[in-house]
Amino acid sequence: MGSIVEFPSNGSSGTGYFAPAEGGGPGVVVVQEWWGIVAHIRDVVDRFAAAGFSAIAPDLFGGETTREPDEAAKLMMALNVDRAVAEMSGAVDFLLADQHVSSKTVGITGYCMGGGLALVAACRLPEKISACAPFYGLIPWESAEPDWSTLRARVSGHYAERDEWFGPEAVAALSEKLEAAGKDATFTIHPGTDHAFFNDTRPEVYDAREAAKAWEDTLTFLRDTIV
């Protein structure tokens, strides 16, 4: 089980849910969905720790959480992307300075909004993030489209076939954009799945088989890629 930690961020301090791997391990930043740092995100951080990674989920909503989609959408659209990047950067630095982290760089993953922010962070922090694993990640803020030319991390993304937010056509467009920029990016479309298929607290969309495949693929990718 992890715990809440504080770290310097944006001239102030940020907080996050942190779970170190027993005996140390590569660092991973987990970026929340639009619900906030809810039980599902804390569980994902704990699962990474059990798998041998030291993981942290920075709290981008300042402690706010919700179960209501309308409220979640308001929280997401009110998010200042530059501030969110600063908080993710603070979480990255926290990991790299921690005795439980064995890597010189970190990996980053995230879900929905968090998947998009993981891609933004990888572009903004190219010297510190070597692996990016977005799950059905979308960037809903027009001004937040990153400069893909700065990306150094390898990317391995997982997306849903029936996703109404960021479906296969959008994934193909992103893949073409990164390929044209000469980036190492692979995107897997999981058949028969809906947006948020990895979230096991949402039985209406959770797909146990495809979630397990995406999880194992992500663990292998991060183990092979984080340096």
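Reading guide: rules and limits
- Residues numbered from 1 in each chain as written.
- Predicted model: local features only at pLDDT ≥ 70, side-chain atom pairs only at ≥ 80, totals over all residues.
- Heavy atoms only, no water.
- Core = buried A, V, L, I, M, F, W, Y, C linked by side-chain atoms within 4.5 Å.
- Buried < 20%, exposed > 50% of the residue type's maximum accessible area, 1.4 Å probe, protein only.
- Contact = heavy atoms within 4.5 Å.
- Helix = DSSP H or I, 4+ residues; strand = E, 2+ residues; numbered from the N terminus.
- Pairing = 2+ DSSP bridges.
- Axes fitted to C-alpha atoms, helices over the stretch in contact; angles between N-to-C directions.
- Expected span 1.5 Å × (residues − 1).

**Student:** With reference to specific residues and values, describe the nonpolar core.
**Tutor:** Val30 and Phe48 are the most contacted members of the largest nonpolar core, which totals 80 residues. With residues near it in sequence (within four places) discarded, valine 30 still touches Ile41, Val44, Val45, Phe48, Ala55, Ile56, Ala57, Pro58, Thr109 and Tyr111.

**Student:** Lay out the environment of valine 120 with the relevant residues and their values.
**Tutor:** By secondary structure assignment, the location of valine 120 is in helix 4 (residues 113–124). Between the C-alpha atom of valine 120 and that of aspartate 93, which follows or precedes it by 27 residues, the distance is 17 Å. Excluding residues that lie within four positions of it along the chain, valine 120 makes contacts with Val81, Val85, Ile139, Ala144 and Pro146.

**Student:** Describe the sheet that holds strand 2 (residues 12–19), with residues and values.
**Tutor:** The strand order 1-2-4-3-5-6-7-8 describes an open sheet built from eight strands, whose pairing is mixed. On the outer flanks of this sheet lie strand 1 (3–9) and strand 8 (185–190), each paired with one strand and no other. Averaged over neighbouring strand pairs, the angle between their axes works out to 25 degrees when direction is ignored. Direction of pairing for strand 3 (residues 25–31) relative to strand 5 (residues 101–111): parallel, over a ladder of six bridges. Looking at the pairing, valine 31 lines up with glycine 110 of strand 5.

**Student:** Could you give me a rundown of helix 1 (residues 39–50), with the residues and numbers involved?
**Tutor:** In this model, helix 1 (twelve residues) spans 16 Å end to end at C-alpha, consistent with the 16 Å of a helix rising 1.5 Å per residue. Listing the buried residues of helix 1 in full gives His40, Ile41, Val44, Val45, Asp46, Phe48 and Ala49. Packing partners of the buried residues in helix 1 comprise strand 2, strand 3, strand 4 (54–58), strand 5 and helix 6 (208–225). Looking one or two places after helix 1, you find glycine 52, whose phi comes out positive at around 105 degrees.

**Student:** Give a description of the environment of glutamate 22 that names residues and reports values.
**Tutor:** Locating glutamate 22 in the fold gives a position in the loop between strand 2 and strand 3. With a relative accessible area of 83%, glutamate 22 lands in the exposed category. In the structure, glutamate 22 is positioned 112 residues away from proline 134 in sequence and 25 Å away in space, judged by C-alpha atoms.

Keep in mind these values describe shape, not function.
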